[in-house]
Amino acid sequence: MRTDTMDPAEIRTLMEEQLRLSRQLRERIRELEEEKHAPLAVVGMGLRLPGGLDTPESYWDFLRGEGTALSGLPPERPGLRAVYDPTPGTPGRSYVDRAGFLRDIAHFDAAFFGISQREARMLDPQQRLLLETAWEALERAGIAVRRSDRLDVGVYLGMMASEYSERLEDRLDTSRIDPYYTTGGGLCFGAGRISYVMGFSGPVVSVDTACSSSMSALHLAVQGLRRGECRYALVCGSNLLLSANLMVSLCQTRALSPDGRSKSFLATADGYGRGEGVGAVALMRLADAEREGRPVLAVVRGSALNHDGAASGLTAPNGPAQQEVIRAALADAGVTAEEIGWVEAHGTGTVLGDPIEIGALDAVLGEAVRRRGVPLGVGSVKFRIGHLEAASGIAALIKAVLMLRHGEIPAAASDSDGELNPHIPWDDLSFTVPRRNRLWPAQLARRIVGINSFGMSGTNAHAVLEAYRPAASTAPADVPPRRELLTLSARDPQALAELTARVADRLRKADPAELPSLCHTLRVGRAPFAHRVAVTGTSPEQLADALTEALDEARRAPAGTAVRSVTLSAGSGGDDGLAAAVTALTDAFPGLARSAPDPAEPPARWLAGLLRGLGLRVDITTPEPHDRPAAGATTPAVLTWQAHGRTRTAPLVAAEPGRAPGLLQDALAALYRDGADPRMDGLCPPGTRLTGDLPTYPFQRRRHWVDEPDAGAVGEPGTTTGGAARARVPVPASRTRQDIAAYLEAELKDALQAPQDQSLDHEQSLLDAGGDSFISTLFITRVEENFAVGLSPEDLPVDLPMGELIGRLADDIAGSAGTDQEASA
């Protein structure tokens, strides 16, 4: 285009357009760069750590206290006990009899997660504990898990060993091998089972980089969230000490400390002490967490991952590679070295590893720390709970989050632990290993932690976290007490009773100002189950008392059933009383009003629209003329629905229109108790955030365990998991439909390994009872050993109610038997 013939105005327009496009391009480049380094929010945590630590609160109390969580070999680990010999170097023996053990790994609430008794026994306990901790992390984040929702959650798991299935391996007798041998023990199934059971749609990755596995998983989750591969991410780590083989191998290499303790950075360091644990951390993009009102516990600013490459040995730490990964993480986080206030180090307590790690940290951070004049604190939680190997990173991550949240640095050693490692030039460093708990250095403007990790595989990982600094609150200083609706549910009455007691106790300790947040979290941040209570009140004490009373009523009431629809009976006109009620609802629940129709709509239609915004199916009826109020009176509005074979009613508008908000809460409470699942996000005041410190689901655990065989023992053919032979179901002599149906039910119970004293729920599907294609195939195969079955697998899907499944088969078998008898006659 020639500009010498263009009009100056055209040139000016062209230049302005080019400038506008250039600005747009620069803005887009800036947005892309920000997305590449977007901060992530830690919004929930769940854990099982040595010493009975099973909540973030108990972990923090432990970290601020003294002592270790180490213990002797548990009685249910006979293999570890059998190989113990205190003399180091004894072939085929382990010289270690102490470690950081979990208190209970045999018990599990299989029914809660829809897993059959049969499969639960075969599951590596790591998979069970991962399900529990993942569930708790999401509950603390206020993320309600409904399997049908297919939440966009990615699962990133660090796990390096699955040793439970070793107890089933006997080359002379493979009868203990079950269909669940593969899915119960394969490393990939640890992450996959979480996503399957909870119905997630995001990426699922199991990572094994040895001791850096959890931190490698964190890095992959950070990248996945930033690229938009998922909305939420679960970062998990797991490790259990079940195999005598690995313990013996590590002792033969002299990698382990004889007293079972990791003495991080101490002169007495003589190898690492092993430990076990499981943890899960829920992450999401910080901007999304703030928008959704999630409890932001800390911010992940950046992470990095690399490998030692051609180092001095495959399992030996590489100082230069560690320097590279630390620099890369700082760059990704946009944080400078002088801003780091603590490094949660790998700190295994080995003669070789500790000096190399401190040297790498000094090479990257040392000069900046010396310039600022405030020493850098360094320590490792391995000193207190042992080295959790693949789960060590998740334990360090949760510790770092707690430190940032509380603004306190726990002691990394005690006075009685002696001198620091003499192979580290402490006098030349500005690093300190604190012997007392202390507050975060006031001289540092920001609270920032680095977490360092490396594994025997040669994979190094580093992450940078910062304390969350929320924007200034815009909420009014004094909020008058308001009526609140609180809902709780559980899968069975005992769990509901326990949850109700825990929440009531929490309420009695609550500040009245946190009541809206507390009730909002329990309403929208927890999945609804069949057994329910719902109460209203204006103070924590009032709600606590109401919960106790409601539980007695819930014990007598049938379990909730789905309320398919409700009918709203209200006048079609626009009388002043009904309009005033609409105004009261709008004022009380502006969040609900936003999803309701135009206020210009007739009041009855507006009310129906508000209820539909709650996710309820609503029909409108108009009262008969003789039921309408006299002139000048308020037109009543009443909800009607069917539940448990009875007609239920609840008023929405009465003689006093101002009572409408409370009546709506009462109606929703009644609907919830009867099994409706209204979406109640809009009931909270504007700006209400979810809270993460409420009681989580009380799992009803039962023992599911395969004992280790005695050394050298050979299993008896025909035994099943657990070693006890199960008697085959007797085949009925009669071929009546009734007898065949009874046989089929007994065979199905045996396939599920359900308790013999419990009846099958015929309304429940095989899938909901914990069955799957393995169970279905096993069941049908056993039936076909005794009867001809003419039905195809398509005729017997796993989501069919078990009563119908048994009925179809009984009809088919009985019909075939009748035909055979006629033919023989």
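As the structure is a computational prediction, the values presented were derived from the model and not from experiment.

Enquirer: How should I be thinking about the overall build of the protein chain in this particular structure?
Expert: A tally of regular secondary structure across the protein chain gives 24 helices and 23 strands. Within the protein chain, contacts between residues separated by at least 24 positions form 79% of all contacts whose residues are at least 6 apart in sequence. Carbon and sulfur atoms make up 51% of the accessible area of the protein chain, which totals about 35100 Å².

Enquirer: What should I look at first to understand the sheet that holds strand 20 (residues 618-621) in this one?
Expert: Across a sheet, strands are paired by hydrogen bonds formed along the backbone, either parallel or antiparallel in direction. Taken in spatial order, the four strands make up an open sheet running 20-19-21-22, and their pairing is mixed. The open sheet terminates on both sides in strands that have one partner only, identified here as strand 20 and strand 22 (646-653). Recorded for the sheet is a direction-independent mean angle of 25° between the axes of neighbouring strands. In the packing of helix 20 (residues 603-613) onto the sheet, the strands contacted are strand 19 (566-569), strand 20, strand 21 (637-643) and strand 22, and the crossing angle to strand 20 comes to about 165°.

Enquirer: Can you help me understand the nonpolar core in this one?
Expert: Of all hydrophobic cores here, the largest spans 82 residues; its most connected members are Tyr59, Leu283, Ile340, Ile358 and Leu365. Residue contributions to this core peak at 10 residues, all from helix 14 (residues 392-406). Once you skip the residues sitting within four places of it in the chain, Tyr59 turns out to touch Leu47, Leu49, Leu53, Val381, Ile385, Ala395, Ile398, Lys399 and Leu402.

Enquirer: In this structure, what is going on with the confidence of the model for the protein chain? I would like to understand it.
Expert: Detailed reading of the predicted coordinates is not advisable wherever pLDDT falls low. On average, the protein chain scores 88 in pLDDT, and the residues at 70 or more come to 89%. Low pLDDT, under 50, characterises residues 712-725; the predicted model gives this stretch 25 contacts beyond four residues in sequence or across chains. In this model, residues 821-825 is a region of pLDDT below 50 whose contacts with residues beyond four sequence positions or in other chains number one contact.

Enquirer: Which parts of the structure should I look at to understand the packing of aromatic side chains?
Expert: Any pair of aromatic rings gets described here by the distance separating the centres and the angle formed by the planes. One pass over the structure, following the stated rule, counts 14 aromatic pairs. Between the NZ or CZ atom of Arg147 and the centre of the ring of Tyr196, over which it lies, the distance is 4.7 Å. One cation-aromatic arrangement involves Arg532 over Tyr672; the distance from NZ or CZ to the ring centre is 4.5 Å.

Enquirer: Just checking my understanding: could you explain the sheet that holds strand 5 (residues 153-159) for this structure?
Expert: Taking strand neighbours across the sheet as the criterion, the 11 strands line up as 6-5-7-8-1-9-16-15-10-11-13 in an open arrangement whose pairing is mixed. Strand pairing shows two members of the sheet lacking a second neighbour, strand 6 (204-207) and strand 13 (431-432), which therefore form its edges. Bridging between strand 10 (residues 342-344) and strand 11 (residues 376-379) involves three bridges; their strand directions are parallel. For Glu344, the partnering residue across the bridge sits in strand 11 and is Gly379. Its contacts with the sheet place helix 11 (residues 319-333) against strand 9 (298-307), strand 15 (448-454) and strand 16 (459-466), and it is angled at close to 145° to strand 9.

Enquirer: Any chance you could explain the pairing of strand 8 (residues 277-285) here in plain terms?
Expert: The two faces of the sheet receive side chains in turn, since in a regular strand these alternate between them. For strand 8, a buried count of eight out of nine residues is recorded, marking the element as mostly surrounded by other parts of the structure. Here eight bridges tie strand 7 (residues 232-239) to strand 8, and the two strands are oriented antiparallel to one another. If you follow Gly237 over to strand 8, its bridge partner there is Gly279.

Enquirer: What is the right way to look at the pattern of salt bridges in this model?
Expert: Oppositely charged side chains can form a pair if their charged atoms are brought close together. Counted under the stated rule, the structure contains 46 salt bridges. Here Glu344 makes a salt bridge to Lys399, at a shortest N to O gap of 2.9 Å. Here Glu344, found in strand 10, pairs with Lys399, found in helix 14; they are 55 residues apart in sequence, far enough to count as distant. For the pair Glu344 and Lys399, one class covers both residues: buried.

Enquirer: So what exactly am I meant to see when it comes to helix 8 (residues 213-226) here?
Expert: In an α-helix there are 3.6 residues to a turn, and that puts residues three or four apart on one side. With 14 residues, helix 8 should reach 20 Å at 1.5 Å per residue; the first-to-last C-alpha distance of 20 Å fits that figure. Counted residue by residue, helix 8 has 12 buried out of 14 residues, so it is predominantly covered. Taken together, the buried positions of helix 8 are Ser213, Ser214, Met215, Ser216, Ala217, Leu218, His219, Ala221, Val222, Gly224, Leu225 and Arg226. Gly228 sits one or two positions beyond helix 8 and adopts a positive phi of about 75°.

Enquirer: I would appreciate a short explanation of unusual backbone geometry in the present structure.
Expert: What is expected of a backbone is that most residues other than glycine have negative phi and most peptide bonds are trans. One non-glycine residue with positive phi stands out, namely Ala210, at about 65°. Note on placement: Ala210 falls in the loop between strand 6 and helix 8. Even without glycine at this site, Glu389 takes up a positive phi of about 55°. Within the element layout of this structure, Glu389 appears in the loop between helix 13 (382-385) and helix 14.

Enquirer: Help me out: how do you make sense of the packing of helix 18 (residues 576-588) against helix 21 (residues 660-673) in this one?
Expert: For the pair helix 18 and helix 21, interaxial distance at closest approach is 8 Å and the crossing angle is 75°. One way to sum up the angle between helix 18 and helix 21 is to call them roughly perpendicular. Note on element contacts: helix 21 touches helix 18 through Ala660, Pro661 and Leu664, opposite Ala581, Ala584, Leu585 and Ala588. Split into classes, the residues belonging to the contact of helix 18 with helix 21 amount to seven nonpolar, no polar and no charged.

Enquirer: Help me understand the environment of Val729, please; the structure alone is not making it clear to me.
Expert: Summarising the element assignment, Val729 is placed in the loop between strand 23 (702-703) and helix 22 (737-752). The exposure class assigned to Val729 is buried, which follows from its relative accessible area of 15%. Contacts of Val729, omitting those with residues within four sequence positions, involve Tyr743, Ala746, Glu747 and Asp750.

Enquirer: What is the right way to read the side chain of Ser195 from this model?
Expert: Looking at the element boundaries, Ser195 is found in helix 7 (residues 187-198). Here Ser195 falls in the buried class, since its relative accessible area comes to 9%. Ignoring anything within four residues of it in the chain, the contact list for Ser195 reads Val155, Phe200 and Val204.

Enquirer: Explanation requested: the side chain of Ser489 in the structure shown.
Expert: As for its placement among the helices and strands, Ser489 is situated in strand 17 (residues 484-490). Given the relative accessible area of 7%, Ser489 is considered buried. In terms of polar contacts, Ser489 uses its side chain to reach the backbone carbonyl oxygen of Ala527, at 3.4 Å. A polar atom in the side chain of Ser489 sits 3.5 Å from the side chain of Tyr672.

Enquirer: In this structure, what is going on with the packing of helix 15 (residues 493-508) against helix 17 (residues 540-556)? I would like to understand it.
Expert: For the pair helix 15 and helix 17, interaxial distance at closest approach is 8 Å and the crossing angle is 165°. Relative to helix 17, the element helix 15 lies roughly antiparallel. Pair helix 15 / helix 17 crosses with left-handed handedness. Residues Leu496, Ala497, Thr500, Val503, Ala504, Leu507 and Arg508 of helix 15 pack against Pro540, Glu541, Leu543, Ala544, Asp545, Leu547, Thr548, Leu551, Ala554 and Arg555 of helix 17. The class makeup of the residues in the contact of helix 15 with helix 17 is 11 nonpolar, two polar and four charged.

Enquirer: Is there a simple way to think about the environment of Gly273 in this case?
Expert: Mapped onto the fold, Gly273 is located in the loop between helix 9 (244-252) and strand 8. Gly273 sits 113 residues away from Gly386 along the chain, and the two C-alpha atoms are 5.2 Å apart. In contact with Gly273, not counting residues within four places along its chain, are Gly260, Arg261, Ser262, Gly386 and His387.

Enquirer: When you look at the environment of Phe589 in this model, what are you seeing that I'm missing?
Expert: Residue position: Phe589 is located in the loop between helix 18 and helix 19 (590-595). Placed 72 residues apart in sequence, Phe589 and Pro661 show a C-alpha to C-alpha distance of 7.9 Å. Residues contacting Phe589, with those up to four places away along its chain left out, are Arg482, Pro661, Leu664, Gln665, Gly682 and Leu683.

Analysis parameters
Residues numbered from 1 in each chain as written. Predicted model: local features only at pLDDT ≥ 70, side-chain atom pairs only at ≥ 80, totals over all residues. Heavy atoms only, no water. Helix = DSSP H or I, 4+ residues; strand = E, 2+ residues; numbered from the N terminus. Contact = heavy atoms within 4.5 Å. Areas by Shrake-Rupley, 256 points an atom, 1.4 Å probe, with all protein chains shown as cover. Pairing = 2+ DSSP bridges. Axes fitted to C-alpha atoms, helices over the stretch in contact; angles between N-to-C directions. Core = buried A, V, L, I, M, F, W, Y, C linked by side-chain atoms within 4.5 Å. Buried < 20%, exposed > 50% of the residue type's maximum accessible area, 1.4 Å probe, protein only. pLDDT = per-residue confidence, 0-100. Phe/Tyr/Trp six-rings, centres within 6.5 Å; stacked < 30°, edge-to-face > 60°. Lys NZ or Arg CZ within 6 Å of the ring centre and 35° of its normal. Salt bridge = Lys/Arg side-chain N within 4 Å of Asp/Glu carboxyl O. Expected span 1.5 Å × (residues − 1). Parallel < 35°, antiparallel > 145°, perpendicular 65-115°, else oblique. Nonpolar A, V, L, I, M, F, W, Y, C, P; charged D, E, K, R; others polar. Polar contact = N/O pair within 3.5 Å; in protein donor to acceptor, adjacent residues only side chain to side chain. Left-handed = near helix turned anticlockwise from the far one by under 90°.

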